[in-house]
Every structure is written in structure tokens, then in C-alpha cells.
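Report on the structure
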Amino acid sequence: MTVHFTSDTHFGHGGARGRFRRPFESTAAMDAAMEANWNAAVAPDDEVWHLGDFALHMKPDAMAALLDRLNGTKHLIAGNNDGPATLALPGWASVQHYAELTLDGVELVLCHYAFRTWNGMHRKALNLHGHSHGQLKPQPRQIDVGVDVWSFRPVTLAELMTPRPRRKAAALTPSA
């Protein structure tokens, strides 16, 4: 089992294409690419921590069907755009606003929002967050796991910890 992290998919949210400069012709194309990317990265027995803003402007039955099609055991850290219908979806293994976990010996603090300080930061704990769509300059040991930063797919802790050059999200090409 592999653990993955993601955030800010904004499934169904046409405004995300323009506001966050997502390179898709339509909302349907964006949703299809992110679903395909998710299922290519995540195996059925993997675990995914979604750090908020799962979907907007979708009916509960459509959100439930989408969540069911996505591989893995899925946990939601609620974001500002996750309403009661999203929080109540039966496909979530857990729903919370904040979580701390240790993975491969690394302490992780998970929240939709980036923190200025967080528990364990002076003991090298990482703050994984979303919300900023790659637009915040990160602090040391703070990582935006949003799809706009990571080629529209969930990522592993190993990927998050590998140094990489900073690129603009608009330059990323989705794999489909």
C-alpha cells in the first residue's frame, strides 16, 4: 500500500480553469484528465489524503459516483469549498479538518490551509496543505500538495520530498 496526497481538484468547477489557468478545453476535459491521472497514480489498495476542495457545482449523486470511481481508500481534510454534501459522501474513509500522521518516519501535519507555524515544525515535521494553488512561496518543510502544482494528480511522500525546480502551474501539461 502506498500513501498519496492531493488537494484542490475542484471537480466540476469550470471557474477553476480560468482562475487557476488550468490547461483544459472544458470542465469535462479537466475532470476526465484528473480522474484518469488519479487512477494511473493510485492503485485500488492505496490510500489517498485529499486536503480539501474536492468538487464544486456537482450534485451529491454525481460526486458520490466520481468518488467511487477514484482508486484508493480516501480521506478528506475539509477545505473551504467542501460543503455538507461533500463531507457526507459515503466514499470517504474519514472526514476531518486537521490530521497528524507519521509516514516512513516523517511527521506530517495535514490541513487545507498553509500554516505559519505547526506542531513539530522544529523537529522537522512537514506541513502538507492545499488552498493556495501553487501561489504561495513555501516555508521550509511546507509543501502545497494541490493538483495545480503536481500535474493534476495525487503524489507520494517520496515525490514531495524530492527537490525539484519551481515551475508555473500553467506550464504543466496534464497526462491523460
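Residues numbered from 1 in each chain as written. Predicted model: local features only at pLDDT ≥ 70, side-chain atom pairs only at ≥ 80, totals over all residues. Heavy atoms only, no water.

1. A short note on the pairing of strand S7 (residues 126-129)
Residues of S7 alternate between two faces, with Leu126 and Leu128 on one and Asn127 and His129 on the opposite face, all of them buried. The pairing of strand S6 (residues 106-111) with S7 spans three bridges and is classified as parallel. In the strand pairing of S7, Val109 is matched with Asn127. With three bridges connecting them, S7 and strand S8 (residues 142-144) associate as parallel partners. Residue pairing for S8: Asn127 is matched across the bridge by Gln142. (Buried < 20%, exposed > 50% of the residue type's maximum accessible area, 1.4 Å probe, protein only. Helix = DSSP H or I, 4+ residues; strand = E, 2+ residues; numbered from the N terminus. Pairing = 2+ DSSP bridges.)

2. A short note on helix H2 (residues 27-41)
In this model H2 runs 21 Å from its N-terminal to its C-terminal C-alpha over 15 residues, within 8% of the 21 Å that 1.5 Å per residue would give. Regarding H2, the residues found buried are Thr27, Met30, Asp31, Ala33, Met34, Glu35, Asn37 and Trp38. Residues of H2 that are buried in the fold lie against strand S1 (3-6), helix H1 (15-19), strand S2 (47-50), helix H3 (60-69) and strand S3 (73-77). (Expected span 1.5 Å × (residues − 1). Contact = heavy atoms within 4.5 Å.)

3. Quick word on the sheet that holds S8
Read from one edge to the other, the open sheet built from four strands follows the order S5-S6-S7-S8, with strand pairing classed as mixed. This sheet does not close on itself; its edge strands, each paired only once, are strand S5 (98-103) and S8. In this sheet, adjacent strand axes meet at a mean angle of 25° when their direction is disregarded. Across six bridges, S5 lies against S6 in antiparallel orientation. Counted as the bridge partner of Thr102 is Glu107 from S6. (Axes fitted to C-alpha atoms, helices over the stretch in contact; angles between N-to-C directions.)

4. Things to note about the pattern of salt bridges
Applying the stated criterion across every chain yields a total of four salt bridges. As a salt-bridge pair, Arg69 and Glu35 come within 2.9 Å of each other at their nearest N and O atoms. With Arg69 in helix H3 and Glu35 in helix H2, this residue pair connects regions lying 34 residues apart in the sequence. Assessed through its relative accessible area of 18%, Glu35 is described here as buried. The residue Glu159 makes a salt bridge to Arg153 at a minimum N-O spacing of 2.9 Å. (Salt bridge = Lys/Arg side-chain N within 4 Å of Asp/Glu carboxyl O.)

5. Some points on the nonpolar core
Counting residues in hydrophobic clusters, the biggest one holds 20 residues, and the most contacted among them are Phe5, Trp49, Leu108, Leu110, Leu128 and Leu160. If you list the elements that add at least two residues to this core, you get S1, S5, S6, S7 and helix H5 (157-161). When residues no more than four places from it in sequence are discounted, the contact partners of Leu110 are Phe5, Trp49, Leu51, Ile77, His97, Tyr98, Ala99, Leu101 and Leu128. In terms of nonpolar packing, the next biggest core, distinct from the first, is built from 19 residues, Phe11, Phe24, Trp38 and Trp92 among them. (Core = buried A, V, L, I, M, F, W, Y, C linked by side-chain atoms within 4.5 Å.)

6. Focus: unusual backbone geometry
Most peptide bonds are trans, and most residues other than glycine sit at a negative phi. For His10, which is not glycine, the phi dihedral falls at a positive 50°. Of note, His10 is situated in the loop between S1 and H1. For His10, a relative accessible area of 3% gives the class buried. Not every positive phi belongs to a glycine, and Lys124 is a case in point at roughly 75°. Following the sequence through the fold, Lys124 ends up in the loop between S6 and S7. Taking relative accessible area as the criterion, Lys124 reaches 64% and is therefore assigned exposed.

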